[in-house]
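Breakdown of the fold
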Amino acid sequence: MQTPIEIAFKHVEPTDEIKALISEKAARLEKFHDGITSCHVYIRAPHQNQKTGNLYEVTIEVRVPGQELVVRRHQDDKPERAHLNVAIRDAFDAMQQELKSAARKMQGDVKHHDGPLQGKIVEIRHDQGYGQIIATDNRLIYFHENSVVDGDFADLAQGDPVEMVVQTEESAIGPQASTVRPIGGLEYDPGQ
């Protein structure tokens, strides 16, 4: 960390034990992102609530290059936070997740959830029971009439948009779709 951790207390007695716990948890954050420039921790206890007692609010602000990450654990969200150590632990656990996510984004290792591969039929041989699809990744994919689901092979025409599942092992004729499903529109036009 480029600057020392800052800790602020409001309506809470700042004991050495709590300060040490916060400092230890803050130091561990650097395992999850090596570009932390500063860390501010705010501990607040609201006035006594007759039903739930004192529930602590912990806010952590961490700055990394290009952004500020903030985790705020409010006093009303978990009764266990009547214990300051638990409130601090939960807030730092949440910040660890934020830092992991920020580090992945910075490295370009963001998880993408791709849908099925899509394409357009470029050749269809109704009399021979096969066709070919140009996929959005520009591969030419062979398909057999038996691979068509949610529709009928006889109803397919050149230019129809489809989504498909391509077999992992290529056949002698190249990549082959194990499943082909007609769709209403194509998200990507390989002709562009």
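So, here's what we can say about the structure. None of the values given here were measured: they were computed from a predicted structure.

1. A few points about the side chain of Q176
Relative to the assigned elements, Q176 resides in the loop between β8 (161-166) and β9 (177-182). Beyond its immediate chain neighbours, meaning those up to four positions away, Q176 contacts I141, Y142, V165, V166, Q167 and S171.

2. Quick word on the sheet that holds strand β1 (residues 6-10)
The strand order across the open sheet built from four strands is β1-β2-β3-β4, with neighbouring strands paired in mixed fashion. For this open sheet the edge positions go to β1 and β4 (67-73), each flanked by a neighbour on one side alone. Within this sheet the neighbouring strands show an average axis-to-axis angle of 10 degrees, counted without direction. Contacts between helix α1 (residues 16-28) and the sheet are confined to β1 and β2 (38-44), with β1 contributing the most and set at about 140 degrees to the helix.

3. Thoughts on the packing of aromatic side chains
Counted by the stated rule, this structure contains two aromatic pairs. With a centroid separation of 6.1 Å and 65 degrees between ring planes, the pair formed by F143 and F153 is classed as edge-to-face. Pair noted here: F143 is in strand β7 (residues 140-144) and F153 is in the loop between β7 and β8, with a separation of ten residues, a long-range link. Grouping residues by exposure puts F143 and F153 together as buried.

4. Details of the environment of R125
Relative to the helices and strands, R125 is located in strand β5 (residues 117-125). Classification of R125 as partly exposed rests on a relative accessible area of 34%. In the structure, R125 is positioned 33 residues away from Q158 in sequence and 9.6 Å away in space, judged by C-alpha atoms. When neighbours within four sequence positions are excluded, R125 is seen to be in contact with Y130 and F153.

5. A word on the pattern of salt bridges
Following the criterion strictly, the structure yields seven salt bridges and no others. Measuring nitrogen to oxygen at the nearest pair gives 3.5 Å for the salt bridge that ties E57 to R44. Residue E57 is located in strand β3 (residues 57-64), and its partner R44 is located in strand β2; the two are separated by 13 residues in the primary sequence. With relative accessibility at 12%, the residue E57 sits in the buried group. The partner of R63 in a salt bridge is E68, and the shortest N-O contact between them spans 2.7 Å.

6. Quick word on the environment of A27
Examined against the element boundaries, A27 turns out to sit in helix α1. We classify A27 as partly exposed; its relative accessible area is 47%. Spatially, the C-alpha atoms of A27 and I5 are 8.9 Å apart, while their sequence positions differ by 22 residues.

Rules used throughout
- Residues numbered from 1 in each chain as written.
- Predicted model: local features only at pLDDT ≥ 70, side-chain atom pairs only at ≥ 80, totals over all residues.
- Heavy atoms only, no water.
- Helix = DSSP H or I, 4+ residues; strand = E, 2+ residues; numbered from the N terminus.
- Contact = heavy atoms within 4.5 Å.
- Pairing = 2+ DSSP bridges.
- Axes fitted to C-alpha atoms, helices over the stretch in contact; angles between N-to-C directions.
- Phe/Tyr/Trp six-rings, centres within 6.5 Å; stacked < 30°, edge-to-face > 60°.
- Buried < 20%, exposed > 50% of the residue type's maximum accessible area, 1.4 Å probe, protein only.
- Salt bridge = Lys/Arg side-chain N within 4 Å of Asp/Glu carboxyl O.

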